[in-house]
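# Structural description and commentary
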Amino acid sequence: MRHNNFTAMAAMAAVLMMSGCTTGGVDTTKTTAIQPAAKNIDTTDLAQGKAQFRDANYGLAEKHFRKAVELKADNAEAWMGLAASYDELGRFDFADRAYSQLLKVAGRKPQIVNNMGYSQLLRGNRKKAKALLLEAKAGMADPTVVNANLALLNKG
């Protein structure tokens, strides 16, 4: 048995000598762990939220838009998507909060006021919806979307 161990060790020593294995060439620089490249999570969630909203998956859209605003509280587009998702889910209390934050972040822009008007339309608040939609229409260069919402209001 001893002879086999000795032979194996001698063979390994010969391989190491022939391969030129030395410790002198080893880089001993101290390093820290390198984290993987981080994705821009709020943008990723924003894109996912939009995709889910387009596919009428409003619960999933809400989840992604909510995560996007949690990561970047001044993301107006994510607040708009979050408010619209809550509208579609019938969670008007949360929609109102999201619209409130959106107005703080982006100001009272016609597109936002249009969405707020549509939200009121979904709730059956026709008078409030009409006032908001007319306000939005007055400020838009292309009022096509607002006109469609006004047409919905006039149908009901």
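Now for a look at the structure at hand. Everything numeric in this text was worked out from a predicted model, so none of it was measured.

### Considerations on the layout of surface pockets
The volume enclosed by the largest pocket comes to roughly 170 Å³. Along its surface, the largest pocket is lined by Leu46, Lys50, Phe53, Arg54, Phe65, Glu77, Met80, Gly81, Ala84 and Asn115. Residues of the lining of the largest pocket, tallied by class, amount to five nonpolar, two polar and three charged.

### Description of the packing of helix H5 (residues 92–106) against helix H6 (residues 110–123)
Between H5 and H6, whose axes approach to 11 Å, the crossing angle comes to 170°. On the basis of their axis angle, the class for H5 and H6 is roughly antiparallel. Along the contact surface, H5 presents Phe92, Ala95, Asp96, Tyr99, Leu102, Leu103 and Ala106, while H6 presents Ile112, Asn115, Met116, Ser119, Leu122 and Arg123. Tallied by class, residues from the contact of H5 with H6 come to nine nonpolar, two polar and two charged.

### Details of the pattern of salt bridges
Scanning the entire structure with this criterion turns up six salt bridges. Its salt-bridge partner being Arg91, residue Asp93 comes within 3.2 Å of it at the nearest N-O pair. Judged by relative accessible area, Asp93 falls into the partly exposed class, the value being 38%. The salt bridge partner of Arg108 is Glu135, with a shortest N-O separation of 2.7 Å.

### Focus: the nonpolar core
Counting 27 residues, the largest nonpolar core has Trp79, Leu82, Ala98, Tyr99, Leu102 and Val146 as the members making the most contacts within it. When contributions to this core are tallied by element, the ones reaching two or more residues are helix H3 (58–71), helix H4 (76–89), H5, H6, helix H7 (126–139) and helix H8 (144–155). With near-sequence residues (within four places) excluded, Trp79 lies in contact with Val69, Ala73, Ala98, Gln101, Leu102 and Val105.

### Remarks on H7
Given 3.6 residues per helical turn, the α-helix brings residues three or four places apart onto the same face. Over its 14 residues, H7 extends 20 Å from the first C-alpha to the last, a length consistent with the 20 Å expected when each residue adds 1.5 Å. Looking at H7, one finds that the buried residues are Ala129, Leu132, Leu133 and Ala136. Down the axis of H7, the buried set is contained in an arc of 100°. They therefore lie on one face. Opposite the buried face of H7, at more than 90 degrees from it, the exposed residues are Lys127 and Ala138. Where H7 is buried, its residues touch H6 and H8.

Cut-offs and rules
- Residues numbered from 1 in each chain as written.
- Predicted model: local features only at pLDDT ≥ 70, side-chain atom pairs only at ≥ 80, totals over all residues.
- Heavy atoms only, no water.
- 1 Å grid on protein atoms, 1.4 Å probe; cavity = no way out; pocket = protein on both sides within 12 Å on 5 of 7 lines; lining within 4 Å.
- Points joined across faces, edges and corners; volume = space filled by probe spheres on them.
- Nonpolar A, V, L, I, M, F, W, Y, C, P; charged D, E, K, R; others polar.
- Axes fitted to C-alpha atoms, helices over the stretch in contact; angles between N-to-C directions.
- Helix = DSSP H or I, 4+ residues; strand = E, 2+ residues; numbered from the N terminus.
- Parallel < 35°, antiparallel > 145°, perpendicular 65-115°, else oblique.
- Contact = heavy atoms within 4.5 Å.
- Salt bridge = Lys/Arg side-chain N within 4 Å of Asp/Glu carboxyl O.
- Buried < 20%, exposed > 50% of the residue type's maximum accessible area, 1.4 Å probe, protein only.
- Core = buried A, V, L, I, M, F, W, Y, C linked by side-chain atoms within 4.5 Å.
- Expected span 1.5 Å × (residues − 1).
- Arc of directions from axis to C-beta.

What is shown is where atoms sit, not what they do.
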